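Commentary on secondary and tertiary structure
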Amino acid sequence: MKTLVLILGDQLSRDLSALDGFEPGRDLVLMVEVAEETTYVPHHKQKIAFILAAMRHFAQALREEGLSVDYVALDDPANTGSFSGELARAVARHRPDRVIVTEPGEWRVRRMMDDWAQDLGLPVEIRDDDRFLCSRAEFAAWADGRKSYRMEFFYREMRRRTGLLMEDDGPVGGQWNFDAENRKRLPAGVTPPPRLRFAPDGVTTEVVELVAARFDGHFGDLDGFGWAVTRDDALRALAHFVEQALPRFGDYQDAMAEGEAFLFHALVSPYLNIGLLLPREVCLAAETAYRAGKAPLNAVEGFIRQILGWREYVRGIYWLEMPGYAQTNALDADRPLPWFYWSGETDMNCLASAVADTRRNAYAHHIQRLMVTGNFALLAGIRPAEIEAWYLAVYADAFEWVELPNTHGMAIFADGGLLGSKPYAASGAYIDRMSDYCGPCAYDPKIKTGEGACPFNPLYWDFLIRNRDRLGNNPRMAMPYRNLDRMTPAHVATIRREAAAILDGLDAPAQAKPIKQPDLFG
Ligand code: FAD
Ligand code: DLZ
Ligand code: SF4
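Residues numbered from 1 in each chain as written. Chains lettered and ligands numbered in written order. Predicted model: local features only at pLDDT ≥ 70, side-chain atom pairs only at ≥ 80, totals over all residues. Heavy atoms only, no water.

Within the protein chain, the secondary structure is distributed over 23 helices and seven strands. By the compact-globule yardstick of 24 Å for 522 residues, the protein chain fits well, its C-alpha radius of gyration being 24 Å. C-alpha extents for the protein chain along the principal axes are approximately 80 × 60 × 50 Å. Relative to its full complement of 522 residues, the protein chain shows a buried share of 59%. Counting contacts in the protein chain only where the partners sit at least 6 residues apart, residues at least 24 apart contribute 78% of the total. About 21,100 Å² of surface is accessible on the protein chain, with carbon and sulfur atoms providing 50% of the total. In the protein chain, 58 positive and 73 negative side-chain charges are present, and the distance between their average locations comes to 4 Å. (Helix = DSSP H or I, 4+ residues; strand = E, 2+ residues; numbered from the N terminus. Rg over C-alpha atoms; globule rule 2.2 N^0.38 Å. Buried < 20%, exposed > 50% of the residue type's maximum accessible area, 1.4 Å probe, protein only. Contact = heavy atoms within 4.5 Å. Areas by Shrake-Rupley, 256 points an atom, 1.4 Å probe, with all protein chains shown as cover. Lys, Arg positive; Asp, Glu negative; His and termini not counted. Charge placed at Lys NZ, Arg CZ, Asp CG, Glu CD.)

Here is the structure:
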């Protein structure tokens, strides 16, 4: 039976389920660069270049192996611009007996696929994506009957199931989680290692030029593009991380430092999320380093927990809860996204630095995303759909299955606590403790209100006051509410007045700069 196998831009794995049983000579792979995918949010230029370059290299590797690949380039004049349109054209060209595809990572695309069999008049087989360590069915079985989902319990189950960092049926080191050791500030004199970047070859250079010409209005720098776009280079990047940065990953996992965009983080999420690397091999590389005495347990456990725990957990939540998940707005957040998320033009140094790093690298590490840009969106009550579209656009690793639970659930608490037990709300003191951003800032984190006060301070307390009905009974919020109740009515009134002034200032037209604002919703 002649089969057309459609491979999407985040499915660049030779072991992809859609390729099981592929017969060279009879079957054919289809890969398509389509305008709909490049613009459904205004992706960072580096993200588009990364995905298209990796797609072209993957197609080339399949061809070298002897597979037939029909590859439609973005600038092909006949390109219809959508997965559905390109699949229909390919079916007309090749007249297959059936189509096979691996389920996509986004609900939006999964819905498109529902119509394909009927529209094409052909059987369309949608196979499970088995590149994850927990299948959707296994996650649903784990979640079934639980009152609340908590990552830590899921993670322990995954450790037992995979045997990662296990010894005699218990966790290596006698403890499941070493997080308490992983909250150090970056001290003076500790310098993060330079990161491995990859000079573009001819194929990548062509893509970079295409992106520069066609997506000029999109956010982000393209110069110095250095992401790996092949599996071999992604494996090199992983090995370099394990050797150079993993040993101190744990200690400085929560740290932030100006001018140090990567610290000791792995920079492997883009590779994992498009399939150049697989989660099991990444976890095993870290475990092997631990067992060889090359990295300490707090680093290796902390790293493996992010992948085996968080990454699998958010994917499980996404598929369990969509499509309703994206629609919730538990804190009734209704403020437009401030312009500085795109321009970086703000005198809040932590935010300006996080946006600058994002623009330069299509990357920011987890604490910048959660405790700076995410925290501000939470405290200011930014509309979920707008801040989510921003995160989906600006990071090279952003796909909705992983971006949405992290933003909607973890960062802005729009799911009302389904994913995490309390909002990650913080005042300037947290950012000051974990970073060196505050020193050169126009504001002072120690000033609570009035001249020079860090805006995160009144915003934090104002957030608690505004949301008392929703959060006041949460036992994990008892302490901040007790502190709030100790404030005098006059101080509370000052906080409210100053927070209102900051929030009103955000929306002031004077903030808008003459840069073309990306059209968020395509
Ligand atoms: P490291 O810090 O070195 O961690 C190692 C790996 O663990 C990562 O590569 C990633 O695969 C995994 N990981 C770590 N934290 C998480 C997490 N919370 N959820 C899922 N996987 C995790 N991650 C994405 O891959 N895509 C996104 O679109 C995305 N959006 C986010 C949005 C917000 C608001 C927040 C708070 C977090 C988001 N994350 C996202 C999670 C996390 O920030 C990134 O995975 C991480 O920064 C990637 O960089 P790294 O490879 O250097 O990670
Ligand atoms: C993100 C992206 C971009 C920018 N471009 C393409 C593309 O041209 N062709 C393609 O197959 N995939 C692309 N992708 C990735 C898809 O958006 C992704 O596969 C879906 O969102 C499903 O997860
Ligand atoms: Fe950010 Fe406040 Fe520190 Fe400035 S003082 S860097 S706004 S936390």
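On to the site of ligand 2, then. The immediate surroundings of ligand 2 are formed by 19 residues, with Gly-9, Asp-10, Val-32, Val-34 and Glu-37 found nearest. Between ligand 2 and Asp-10, the relevant distance is 2.7 Å, taken from an oxygen atom to a side-chain nitrogen or oxygen of the residue. Between an oxygen atom of ligand 2 and a main-chain N or O atom of Gly-105, the distance comes to 3.2 Å. Summarising the interface, the protein chains cover 100% of the accessible area of ligand 2, which totals 490 Å² for the free molecule. Only α1 (35–39), α2 (45–64) and α4 (107–114) provide two or more residues apiece to the shell around ligand 2. If one sorts the elements of the shell around ligand 2 by residue count, α2 sits on top with three residues. Along the lines of polarity and charge, the residues of the shell around ligand 2 split into 10 nonpolar, four polar and five charged. (Near = heavy atom within 4 Å. Polar contact = N/O pair within 3.5 Å; in protein donor to acceptor, adjacent residues only side chain to side chain. Nonpolar A, V, L, I, M, F, W, Y, C, P; charged D, E, K, R; others polar.)

Close to ligand 1 lie 30 residues; His-265, Ala-266, Leu-267, Tyr-363 and Asn-406 are nearest. Side-chain polar atom of His-265 to an oxygen atom of ligand 1: 2.7 Å apart, as the coordinates give it. Within the side chain of His-366, an N or O atom sits 3.0 Å from an oxygen atom of ligand 1. When ligand 1 is considered free in solution it has 810 Å² of accessible area, and contact with the protein chains removes 99% of it. When residues of the shell around ligand 1 are traced back to their parent elements, those giving at least two are α11 (269–274), α13 (297–321), α16 (366–380) and α18 (400–411). Residue composition of the shell around ligand 1, by class: 18 nonpolar, eight polar and four charged. Of the residues that make up the shell around ligand 1, three or more belong to each of domain 2 (136–195 + 245–321) and domain 3 (340–506). (Domains from an automatic or database assignment.)

Another point: the domain arrangement of the protein chain. The domain architecture assigned to the protein chain consists of domain 1 (3–127), domain 2 (136–195 + 245–321) and domain 3 (340–506). Listed per partner, the contact involves 13 residues of domain 1 and 16 residues of domain 3. Both faces considered, domain 1 and domain 3 share a buried interface measuring about 1,100 Å² in area, 60% of it formed by carbon and sulfur atoms. Three residues, His-44, Lys-47 and Glu-106, lead the burial of domain 1 against domain 3; their summed loss comes to 42% of the area buried on that side. Across the domain 1-domain 3 interface, the total number found is zero salt bridges. Across the contact surface, domain 1 and domain 3 share seven residue pairs in polar contact (both at pLDDT 80 or more). Counting residues per element, the side of domain 1 that touches domain 3 draws most heavily on α2, which supplies four residues. The class makeup of the residues in the side of domain 1 that touches domain 3 is six nonpolar, four polar and three charged. (Buried area = accessible area lost by both parts, 1.4 Å probe. Salt bridge = Lys/Arg side-chain N within 4 Å of Asp/Glu carboxyl O.)

Bringing the packing of helix α17 (residues 384–394) against α18 into the picture now. At a minimum axis separation of 10 Å, α17 and α18 run at an interaxial angle of 135°. Here α17 lies oblique to α18, going by the angle between them. Crossing angle aside, the handedness with which α17 passes α18 is right-handed. On the side of α17, the interface is formed by Pro-384, Ile-387, Glu-388, Tyr-391 and Leu-392, while α18 contributes Glu-400, Glu-403, Leu-404, Thr-407 and His-408. Here the contact of α17 with α18 is composed, by residue class, of five nonpolar, two polar and three charged. (Axes fitted to C-alpha atoms, helices over the stretch in contact; angles between N-to-C directions. Parallel < 35°, antiparallel > 145°, perpendicular 65-115°, else oblique. Left-handed = near helix turned anticlockwise from the far one by under 90°.)

This part is about the pattern of salt bridges. Within this structure, the stated rule accounts for 34 salt bridges. Among the ionic pairs, Asp-27 bridges to Arg-26, the shortest N-O distance being 2.7 Å. Take Asp-27: its relative accessible area is 3%, and that puts it in the buried class. Sharing partners across several salt bridges, the network here consists of Asp-179, Arg-183, Glu-301 and Arg-305.

This next bit is on the environment of Arg-183. With respect to the helices and strands, the residue Arg-183 is situated in the loop between β7 (170–171) and α8 (202–214). Linking Arg-183 and Gly-250, residues 67 residues apart in sequence, is a C-alpha distance of 7.9 Å.

Turning to the sheet that holds strand β2 (residues 28–32), a few remarks are in order. Spatial strand order, β3-β2-β1-β4-β5: five strands in an open sheet with parallel pairing. Sheet topology places β3 (69–72) and β5 (124–127) at the edges, where each strand pairs with a single neighbour. The mean inter-strand angle of the sheet, taken between neighbouring strand axes irrespective of direction, is 20°. Bridge count between strand β4 (residues 98–102) and β5: four bridges; the pairing is parallel. The residue of β5 that forms the bridge with Val-99 is Val-124. Here α2 sits on the sheet in contact with β2 and β3, set at roughly 160° to β3. Here helix α3 (residues 83–94) sits on the sheet in contact with β1 (3–6), β2, β3 and β4, set at roughly 145° to β2. (Pairing = 2+ DSSP bridges.)

With that settled, the discussion passes to unusual backbone geometry. The omega torsion across Met-322 and Pro-323 is 10°, close enough to zero to call that bond cis. Note on placement: Pro-323 falls in the loop between α13 and α14 (340–343). Unlike most non-glycine residues, Leu-267 shows phi in positive territory, near 60°. Looking at the secondary structure, you find Leu-267 in the loop between α10 (246–249) and α11.

Further remarks concern the environment of Arg-185. Residue position: Arg-185 is located in the loop between β7 and α8. Taking C-alpha positions, Arg-185 is 15 Å from His-365, a pair spaced 180 residues apart along the chain. Beyond its immediate stretch of four places on either side in the chain, Arg-185 contacts Tyr-252, Ala-255, Asp-432, Arg-433, Met-434, Ser-435 and Asp-436. From its side chain, Arg-185 meets the backbone oxygen of Asp-432 in a polar contact 3.2 Å long. One polar contact links the side chain of Arg-185 to the main-chain carbonyl oxygen of Ser-435, over a distance of 2.3 Å.

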